[in-house]
Amino acid sequence: MKQPENIGFVSTRFAGTDGVSLEAAKWAEVLWGGGHVSYWYAGVLDRDPAISLCVPEAFFDHAENTWINSQLWGRTRRCAEASRRIRELTEYLKATLYEFRDRFDLDILIVENALTIPMHVPLGVAVTEFLLETGMPAIAHHHDFMWERQRFQISAVDDYLEMAFPPRVPHLQHVVINQAAREELAWRKGLPSMLVPNVFDFENPPGAPDAYAADVRRALGLLDDDLLILQPTRVVPRKGIENAIHLIRRLKLTRAHLVVSHDSGDEGLEYGRQLQQLARDEGVSLKFFGDRMADRRQLNQEGQKVYVLSDLYPHADFVTFPSLYEGFGNALLESIYFRKPLVVGRYSVYQRDIEPKGFRLPTIDGVVDSSVVEECRRIIDDADYRHALTEHNYQVASRFFSYRVLRDSLRSMINNIRNMTE
């Protein structure tokens, strides 16, 4: 990288532990190491106000955008009022993007998923027009495209989807997180892109757990010699948590508890109820811990400790990640980072982008078969074998998914977009 740049990150939200917020923070950390300064624009922010511009209307769940969305999806015709309000909100948000650029003297924009999934159509259109009007060099970091989500398949907004999700802008570098997305973007939009996987700071292993998290097992109602099997995800169907329950039943472990770290979010409670019934039927201890988890440590209204995910990993004996679909799979890398043994579902991105790197992991390929049960049993029972596996996987991840990989990619991206505008 050459001289330091002022870089503006743009999205609907930079707060909490969603994948977009976490990966953007990693990018900013690596950029800071190269001397670049990051600034933040979103509708909800937990960044330093001195380097941020919070525009509430940019949040995907803002009342105005919620109303607009109610007029766009599951139908093929939109009313004139919806068109008018899209334009009004677009113009307002575009003006705030100009304010963001001018306030922090920005050189480059990094747009995090706001030109990818159309949860906020006016923001995507505003960013597209801003880039076309200013010629500012930019990077669009795409996490999950509209064609990957069923709810966006029938729409009354195809004109704006074609224009801005994602847009064709000469000085915009597109970045995807898996090979399938790269091919789909080329086929559907005719756009080239760089593949930059999600990463973790494997160059700096985690430190020893501190005193705050020392009582996690007691908070879960577990004894010291109970097995804590961690499912570090939300309670949503695509996580395949039923396969974790099937696996634990077949392992016939005594005093084992499956702990799901986060709640369902905005995807409803029915799946959680089904899992509870399944666990009762199969005699598996299932604990949902989402009411004691957050993106920062704090006390809840009852005066109880609230934990972050990194507080749970040191106490886990085994990790389950039997996902059916993932854009990448941060929990997989995080488990390896904390040197925890895990079982993983062979979702498509894992098969194509992660498995060939040489990881040694038991996998669930549709069903929990005898081979995966026996492999998991050996890992749990044999400490030497478990240590060898976790060390091997840590070294593989360090090679392919470390900050060094991201650092090299960002250097190349910034040089490329500089050349586009010179």
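The preceding data block contains the structure.
Residues numbered from 1 in each chain as written. Predicted model: local features only at pLDDT ≥ 70, side-chain atom pairs only at ≥ 80, totals over all residues. Heavy atoms only, no water.

Draft legend 1. Quick look at the sheet that holds strand S10 (residues 227-231). A sheet is described by the order of its strands in space; here 6 strands give the open sequence S12-S11-S10-S15-S16-S17, paired in parallel fashion. In this open sheet, the two strands that pair with only one neighbour each are strand S12 (285-288) and strand S17 (363-364). Pairing of strand S11 (residues 256-260) with S12 involves 4 bridges; the strand directions are parallel. Looking at S12, one finds that valine 259 is bridged to lysine 287. Relative to the sheet, helix H11 (residues 330-337) contacts strand S15 (318-321) and strand S16 (342-345), its axis offset from that of S16 by approximately 165 degrees. Against the sheet, helix H13 (residues 370-381) touches S10, S15, S16 and S17, its axis set at about 150 degrees to S15. (Pairing = 2+ DSSP bridges. Helix = DSSP H or I, 4+ residues; strand = E, 2+ residues; numbered from the N terminus. Contact = heavy atoms within 4.5 Å. Axes fitted to C-alpha atoms, helices over the stretch in contact; angles between N-to-C directions.)

Draft legend 2. Structural context of the packing of aromatic side chains. Under the defined criterion, the tally for this structure stands at 22 aromatic pairs. Consider the rings of phenylalanine 202 and tyrosine 337, whose centres lie 5.7 Å apart with planes at 75 degrees: the pair is edge-to-face. Highlighted residues: phenylalanine 202 in the loop between strand S9 (194-195) and helix H7 (216-219) and tyrosine 337 in helix H11, separated in sequence by 135 residues. Considered together, phenylalanine 202 and tyrosine 337 belong to a single accessibility category, that of buried residues. A ring pair is formed by phenylalanine 359 and phenylalanine 401, whose centres lie 6.2 Å apart and whose planes are at 15 degrees; its orientation type is stacked. Taken as a pair, phenylalanine 359 in the loop between helix H12 (348-354) and S17 and phenylalanine 401 in the loop between helix H14 (383-400) and helix H15 (403-421) lie far apart in primary sequence, 42 residues in all. (Phe/Tyr/Trp six-rings, centres within 6.5 Å; stacked < 30°, edge-to-face > 60°. Buried < 20%, exposed > 50% of the residue type's maximum accessible area, 1.4 Å probe, protein only.)

Draft legend 3. Quick peek at the environment of alanine 214. With respect to the helices and strands, alanine 214 occurs in the loop between S9 and H7. Relative accessible area serves as the criterion here: at 54%, alanine 214 is assigned to the exposed category. For alanine 214 and leucine 312, which are 98 residues apart along the polypeptide, the C-alpha to C-alpha distance reads 9.6 Å.

Draft legend 4. Expanded view of the pattern of salt bridges. Using the criterion set out here, one finds 36 salt bridges in the structure. In this structure, the salt-bridge partner of arginine 78 is aspartate 159, at a minimum N-O distance of 2.8 Å. Here the residue arginine 78 occupies a position in the loop between helix H2 (63-70) and helix H3 (80-104), and aspartate 159 occupies one in helix H5 (residues 158-164), the gap between them amounting to 81 residues. For aspartate 159, a relative accessible area of 40% puts it in the partly exposed group. (Salt bridge = Lys/Arg side-chain N within 4 Å of Asp/Glu carboxyl O.)

Draft legend 5. Spotlight on H13. End to end, H13 covers 16 Å across 12 residues, agreeing with the expected 16 Å (1.5 Å per residue, within 8%). Within H13, the full set of buried residues consists of Val372, Val373, Cys376, Ile379 and Ile380. Here the buried residues of H13 occupy an arc of 130 degrees about the axis, which is enough to place them on one side. The outward face of H13, more than 90 degrees from its buried face, is lined by the exposed residues Ser371 and Asp381. Looking at the buried side of H13, the elements it contacts are S10, helix H8 (241-251), S15, S16, S17 and H14. (Expected span 1.5 Å × (residues − 1). Arc of directions from axis to C-beta.)

Draft legend 6. Spatial organisation of the packing of H8 against helix H9 (residues 270-282). Following both chains from N to C, one finds H8 and H9 inclined at 10 degrees, their axes separated by 10 Å at the closest point. By the criterion of interaxial angle, the relationship of H8 to H9 is roughly parallel. Contacts from Ile241, Glu242, Ile245, His246 and Arg249 of H8 reach H9 at Tyr271, Leu275, Leu278, Ala279 and Glu282. Classifying every residue of the contact of H8 with H9 gives 6 nonpolar, 1 polar and 3 charged. (Parallel < 35°, antiparallel > 145°, perpendicular 65-115°, else oblique. Nonpolar A, V, L, I, M, F, W, Y, C, P; charged D, E, K, R; others polar.)

Draft legend 7. Spotlight on H11. By the criterion of burial, H11 is predominantly enclosed, with 8 of the 8 residues buried. For H11, the complete set of buried residues consists of Asn330, Ala331, Leu332, Leu333, Glu334, Ser335, Ile336 and Tyr337. Buried residues along H11 sit against helix H1 (19-33), helix H10 (309-312), S15, S16, H12 and H14. Immediately downstream of H11, the backbone of arginine 339 shows phi near 55 degrees, a positive value.

Draft legend 8. Quick look at the sheet that holds strand S7 (residues 138-141). Judged by pairing direction, the sheet is parallel, and its 7 strands sit side by side in the order S5-S3-S1-S6-S7-S8-S9 without closing on themselves. A strand with exactly one partner marks an edge of an open sheet, and here the two such strands are strand S5 (52-54) and S9. Note: strand S1 (residues 6-10) against strand S3 (residues 37-42), 5 bridges, orientation parallel. Each bridged residue has a counterpart across the sheet, and for asparagine 6 the counterpart in S3 is valine 37. Contacting S1, S3, strand S6 (108-112), S7 and strand S8 (172-176), H1 runs over the sheet at an angle of about 155 degrees to S3.

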